[in-house]
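Okay, here's what each chain looks like letter by letter:
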Number of protein chains: 2
Amino acid sequence: MQELKEKILKEGKIKPGNIVKVDSFLNHQVDVEFMRKIGEEFYNYFKDKDVNKILTIESSGIPVAFAAAEYFKCKIVFAKKGETINQSSDFYQSDVFSYTYQRNYHVRVAKEYLNENDKVLIIDDFLANGAAMEGLLNIVNQAKAKVVGCGIVIEKGFQDGGRKLREKGINLLSLAIVDKIDVDNQKIEFRGE
Amino acid sequence: MQELKEKILKEGKIKPGNIVKVDSFLNHQVDVEFMRKIGEEFYNYFKDKDVNKILTIESSGIPVAFAAAEYFKCKIVFAKKGETINQSSDFYQSDVFSYTYQRNYHVRVAKEYLNENDKVLIIDDFLANGAAMEGLLNIVNQAKAKVVGCGIVIEKGFQDGGRKLREKGINLLSLAIVDKIDVDNQKIEFRGE
């Protein structure tokens, strides 16, 4: 998505540790008008897939999921993160390892909001190593629902989350794939350019 | 808002501890179409106040804020929660005591996304004792921005957050005020009925 790449180049801040901060429009301040365009991109790509539910994870996936759901005219469910270890029969639950914090956390979704009849589009703002996404896929599998595809705003192409999902045959649409972040020269390279 | 009250009565689950769970449409699964109606209510009430930014707090305030921002045609900022204690010159930061978890946490907003020219509408899904809202007001004050008002989906009228805000002269719109939750009889009483 050309407009997204331009926005990343214009507003993104490159930080040490392969970080590109886009909190001016995506995950702290949210540019609602632009988010609608992102939602529309996901809709145009997945509109023939009978999506009836969008699954995301708190917090920064929520605005993206919301914008997309307005086009799909469906509900969203946002998985909750927590340190809860005890299993509950009311929830589908999955372990996720956070590389940032170097510890496990749980994502969970109440069973009543995901079932075998659902055709689920999973949406998130970032895809890096794919740990959170694996957790969400695991939850959808537990619910015996169908994963129609995954929609990501920014994929870090130099980490292997995207590759692993594609190898699994997941229909993954990343609106921008960052292949290289050059802190010294403050440059970003996108895939396909 | 009559339609909201009906939805609470229809879908809300009353639990011990004065809890009314509305995670079928508000804070786990999100009914996007209904959320737009909520956004429109806030817009109709605050539309003459020159709102240029909507402030909320992660996670469940985000869908409400997003829906409202589509009507106001403005950006949203969602304050982040964390246990970080160290002050940072890049953030406005405020302590909030969580009665649920019986401990302090921090809410923070990057300074670049809130400034003295902003006319801020603060939005959240629930208002109970008002601790989170006090934290957000404090942050807006630190930024020397103007609080135009607060928009709440469900106020727990039997806790004193709403009263305290009104006494301060804050223009508070709560779309439904729950005055009593009767677990034994599974009944909810709304203010003004």
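Refer to the preceding data block for the structure.
The sections below set out a description of the structure shown in this document.

Rules used throughout
Residues numbered from 1 in each chain as written. Chains lettered and ligands numbered in written order. Predicted model: local features only at pLDDT ≥ 70, side-chain atom pairs only at ≥ 80, totals over all residues. Heavy atoms only, no water. Helix = DSSP H or I, 4+ residues; strand = E, 2+ residues; numbered from the N terminus. Rg over C-alpha atoms; globule rule 2.2 N^0.38 Å. Contact = heavy atoms within 4.5 Å. Areas by Shrake-Rupley, 256 points an atom, 1.4 Å probe, with all protein chains shown as cover. Least-squares fit on C-alpha atoms with pLDDT ≥ 70 in both. Buried area = accessible area lost by both parts, 1.4 Å probe. Salt bridge = Lys/Arg side-chain N within 4 Å of Asp/Glu carboxyl O. Polar contact = N/O pair within 3.5 Å; in protein donor to acceptor, adjacent residues only side chain to side chain. Nonpolar A, V, L, I, M, F, W, Y, C, P; charged D, E, K, R; others polar. Pairing = 2+ DSSP bridges. Phe/Tyr/Trp six-rings, centres within 6.5 Å; stacked < 30°, edge-to-face > 60°. Buried < 20%, exposed > 50% of the residue type's maximum accessible area, 1.4 Å probe, protein only. Lys NZ or Arg CZ within 6 Å of the ring centre and 35° of its normal. Expected span 1.5 Å × (residues − 1). Disulfide = S-S within 2.5 Å.

### Here we look at the overall build of chain A
Looking only at helices and strands, chain A has 5 helices and 11 strands in total. Relative to a compact globule of 193 residues, whose C-alpha radius of gyration would be 16 Å, chain A shows 16 Å and is just as compact. Along the longest, intermediate and shortest principal axes, the C-alpha atoms of chain A span 50 × 40 × 30 Å. In chain A, 60% of the contacts between residues at least 6 apart in sequence involve partners at least 24 apart. Put simply, chain A shows about 8,800 Å² of open surface, and 42% of that area lies on carbon and sulfur atoms.

### A closer look at the relation of the copies chain A and chain B
For the pair chain A and chain B, the superposition axis carries a translation of 0.0 Å, the fit reaches an RMSD of 0.0 Å, and the rotation angle comes to 180°. Given the turn and translation reported, the copies of this chain are related as if by a two-fold rotation axis. Taking the C-alpha atom as reference, chain A places Ser-59 of chain A closest to the rotation axis, 2.6 Å from it.

### Description of the interface of chain A and chain B
Taken together, the contact pairs 33 residues of chain A with 33 residues of chain B. Roughly 2,800 Å² of surface becomes buried between chain A and chain B when both sides are summed, with 59% attributable to carbon and sulfur atoms. The closest approach of N and O atoms between Arg-36 of chain B and Glu-70 of chain A, which form a salt bridge, is 2.5 Å. At the boundary of chain A and chain B, one finds 21 residue pairs in polar contact (both at pLDDT 80 or more). Those elements giving two or more residues to the side of chain A that touches chain B turn out to be strand 3 (29-30), helix 2 (32-46), helix 3 (61-72), strand 5 (75-82) and strand 7 (103-110) of chain A. Tallied by class, the residues present in the side of chain A that touches chain B amount to 16 nonpolar, 6 polar and 11 charged. As defined by bridge partners, strand 3 of chain A adjoins strand 5 (residues 75-82) of chain B across 2 bridges and the pair is classed as antiparallel.

### Regarding the packing of aromatic side chains
Scanning all chains against the criterion turns up 9 aromatic pairs over all chains. Judged by centre distance (5.0 Å) and plane angle (75°), the rings of Tyr-43 of chain B and Phe-72 of chain B are edge-to-face. Note that Tyr-43 of chain B is positioned in helix 2 (residues 32-46) and Phe-72 of chain B in helix 3 (residues 61-72), a separation of 29 residues in sequence. Classification of Tyr-43 of chain B as partly exposed rests on a relative accessible area of 26%. The exposure class of Phe-72 of chain B is buried, given its relative accessible area of 10%. Here a set of aromatic residues connected by ring pairs shows up, and it is made of Tyr-43, Tyr-71 and Phe-72 of chain A. Across from the ring centre of Phe-91 of chain A, 3.9 Å away, lies the NZ or CZ of Arg-108 of chain A, which sits over that ring.

### Focus on helix 3 of chain A
Residues and elements named next belong to chain A. Between its first and last C-alpha, helix 3 extends 16 Å over 12 residues, near the 16 Å set by a 1.5 Å rise per residue. Of all 12 residues making up helix 3, 11 are buried, and the element is well covered by its neighbours. Two residues or fewer after helix 3 comes Lys-73, characterised by a positive phi angle close to 55°.

### Quick notes on the state of the cysteines
Working definition of a disulfide: a covalent bond connecting the sulfur atoms of two cysteines. Residues and elements named next belong to chain A. In this structure the tally under the stated criterion is 0 disulfides over all chains. Cysteine Cys-150 is unpaired, with the sulfur of Cys-74 as its nearest cysteine sulfur at 15 Å. Judged by its relative accessible area of 0%, Cys-150 falls in the buried class.

### Describing the pattern of salt bridges
Under the criterion given, the structure shown has 30 salt bridges over all chains. Lys-164 of chain A serves as the salt-bridge partner of Asp-160 of chain A, at 3.9 Å between the closest nitrogen and oxygen. Via salt bridges that share partners, Arg-36 and Glu-70 of chain A together with Arg-36 and Glu-70 of chain B belong to a single interconnected network.

### Things to note about unusual backbone geometry
With an omega of -5°, the peptide bond between Glu-58 of chain A and Ser-59 of chain A qualifies as cis. By secondary structure assignment, the location of Ser-59 of chain A is in the loop between strand 4 (53-57) and helix 3. Positive phi, normally seen in glycine, also occurs at Asp-50 of chain A, with a value near 60°. Inspection of the secondary structure puts Asp-50 of chain A in the loop between helix 2 and strand 4. Asp-50 of chain A sits in the exposed class, given a relative accessible area of 52%. Unusually for a residue other than glycine, Lys-73 of chain B sits at a positive phi of about 55°. One can find Lys-73 of chain B in the loop between helix 3 and strand 5. Judged by relative accessible area, which is 74%, Lys-73 of chain B ranks as exposed.

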